[in-house]
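What follows is each chain in one-letter form.
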Amino acid sequence: MRVFICGFGTVGQGFAEVLARRMDFLEERYGCPILVTGAMDSKTYVLDRNGLDPLDLVATKQRTGRVGEDEYSDSTKVLDQAAYDILVEVSPTDIKTGGAGLRNITHALENRKDVITVNKGPLALKFNELITLARRNKCKFRFEGSVGGAMPIINLCRENLRGEKIESIRGIFNGTCNFILSKMDKGQPFDQVLKEAQQMGYAETDPTNDIEGYDSACKVAILANSVFGRNVTFDDVKITGITGITEEAIALAASRNMVIRLIGEVSETKLEVGPRLVPRGHPLSISGTLNTAQIISDLAGPITVSGRGAGRTETASAILSDLISIMDERTE
Ligand code: HSE
């Protein structure tokens, strides 16, 4: 099986490392190696039909800042030259237009390639178009890591809970906001904590997407489409961020044994992101950078999951799980 890694930033490199760690396992499970036949960052690319060493790609990127020597102006032309079966699209999220990620995913699906992505822009803006295209061309299209990073949620709802009627999902889908709010609980000011979150590399390149609730809104839209079968985009989500939360509001909540958390809520009729009062001790009152979600369904009742919502290896773990699902289906 041949994989093309599109986007060789933190997550792309993390996936290459995880692939190297699991290479023997994958080869044993499927009786053939997984070949990385191409990789691309925002400017450069490298191709080899015989397979590239994933760790060499990471070393080159870290040493030179580029994954390949050749530069491109049109990423779809690079994909046309490549020999691949599965596109792993992990270029940076563009929530205004879907950006290069949307072009690459569309191009791969049009060419009947399977796609795994964690890129929230294309999924939050064009979910139904992409799913329809994938179905029409009989391609597999998976995106577990796009919501909650390593925290299982999409495939959990669609696969493990496939017999359930899922009534609602409420959750913390942005680690940066949760980190900021939980530090504010301890009396630290907003601006100082935001800087800390940026230094930790947890916040998006433009932290506006985190603190204004846009990143959470993308995830809520993705859940609405993928779990509830709705046909919504990012623009349909009612969004309030955390920039208006004052120290006084946090103190008032604390005096009532509550905390304020940025909660995403999705159901057949609801599609919202906003600060909510949560009783201390409730599963959604967690502190720190973790993501957490409470799924309510008719037979199983409440199920709560929690995990790391971002990170190089953690997000790559979700991509690996999608890769194994695709490989399993291909070899059935
Ligand atoms: N900036 C995001 C967060 C990362 O803070 O949770 C994953 O989307």
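Counting restarts for each chain: residues are numbered from 1 in the order of the written sequence. It should be noted that, the model being predicted, local features are given only for residues of pLDDT at least 70 and side-chain atom pairs only at 80 or more, the latter also being counted only at that level, while totals for whole chains, interfaces and linings use all residues. Derived side-chain values reflect all non-hydrogen atoms in the structure, with water molecules and hydrogen atoms excluded from consideration.

*Asks:* When you look at the pattern of salt bridges in this model, what are you seeing that I'm missing?
*Replies:* Where side chains of opposite charge bring their charged atoms close, a pairing between them can arise. Counted as salt bridges are all cases of a side-chain nitrogen of Lys or Arg within 4 Å of a carboxyl oxygen of Asp or Glu. Within this structure, the stated rule accounts for 19 salt bridges. One salt bridge connects E272 with R276, and the closest N-O pair in it is separated by 2.8 Å. Here's how the labels work: a residue is buried when its accessible area is under 20% of the maximum for its type, exposed when over 50%, partly exposed in between, all with a 1.4 Å probe on protein chains only. Assessed through its relative accessible area of 18%, E272 is described here as buried. The partner of E314 in a salt bridge is R308, and the shortest N-O contact between them spans 3.1 Å. Residue class for R308 comes out exposed when judged on its relative accessible area of 52%. Look at the salt bridges and you will find they share partners, linking R170, E265, K270, E272 and R276 into a network.

*Asks:* Even after reading the chapter, I still don't get empty space enclosed by the protein, so can you show me in this structure?
*Replies:* Empty space among the atoms can be located by rolling a probe the size of a water molecule over them. For cavity detection a 1 Å grid was placed over the protein atoms alone, and a set of points counts as a cavity when a 1.4 Å probe fits there but cannot get out; an open set counts as a pocket when protein lies on both sides within 12 Å along at least five of seven lines, with lining residues being those that have an atom within 4 Å of a point. Grid points are joined across faces, edges and corners, and a volume is the space filled by probe spheres set on the points. This model, assessed by the stated rule, comprises 1 cavity of 30 Å³ or more. Taken as a whole, the largest cavity holds about 40 Å³ of empty space. T93, I95, K120, E204, N209, D215 and C218 together form the lining of the largest cavity. Counted by class, the lining of the largest cavity contains 2 nonpolar, 2 polar and 3 charged residues. For the domains described, the bounds stem from an automatic or database domain assignment. Of the residues that make up the lining of the largest cavity, three or more belong to each of domain 1 (2-149 + 312-331) and domain 2 (155-307). Nonpolar residues are Ala, Val, Leu, Ile, Met, Phe, Trp, Tyr, Cys and Pro. Charged residues are Asp, Glu, Lys and Arg, and all others, Gly as well, are polar.

*Asks:* Where do I start with the sheet that holds strand β9 (residues 238-239) in this structure?
*Replies:* Strand-to-strand pairing in sheets goes through backbone hydrogen bonds, with the strands running parallel or antiparallel. Criterion used throughout: strands pair if DSSP finds at least two bridges between them. Strands are runs of DSSP state E lasting at least two residues, helices are runs of H or I lasting at least four, and both sets are numbered from the N terminus onward. Taken in spatial order, the 6 strands make up an open sheet running β9-β11-β10-β8-β12-β13, and their pairing is mixed. In this open sheet, the two strands that pair with only one neighbour each are β9 and β13 (301-308). As paired elements, strand β10 (residues 258-267) and strand β11 (residues 271-279) share 9 bridges and run antiparallel to each other. Within β11, the position partnered with G264 by the bridge is V273. The contact criterion used throughout is that any non-hydrogen atoms of two residues lie within 4.5 Å. Inter-axis angles, ranging from 0 to 180 degrees, are taken between N-to-C directions of lines fitted to C-alpha atoms, where helices are fitted over the stretch in contact. Set on the sheet, helix α10 (residues 214-228) makes contact with β8 (166-172), β9, β10 and β11; between it and β10 the angle comes to about 40°. Running over the sheet, helix α11 (residues 247-255) touches β10 and β11 and is turned about 95° from β10.

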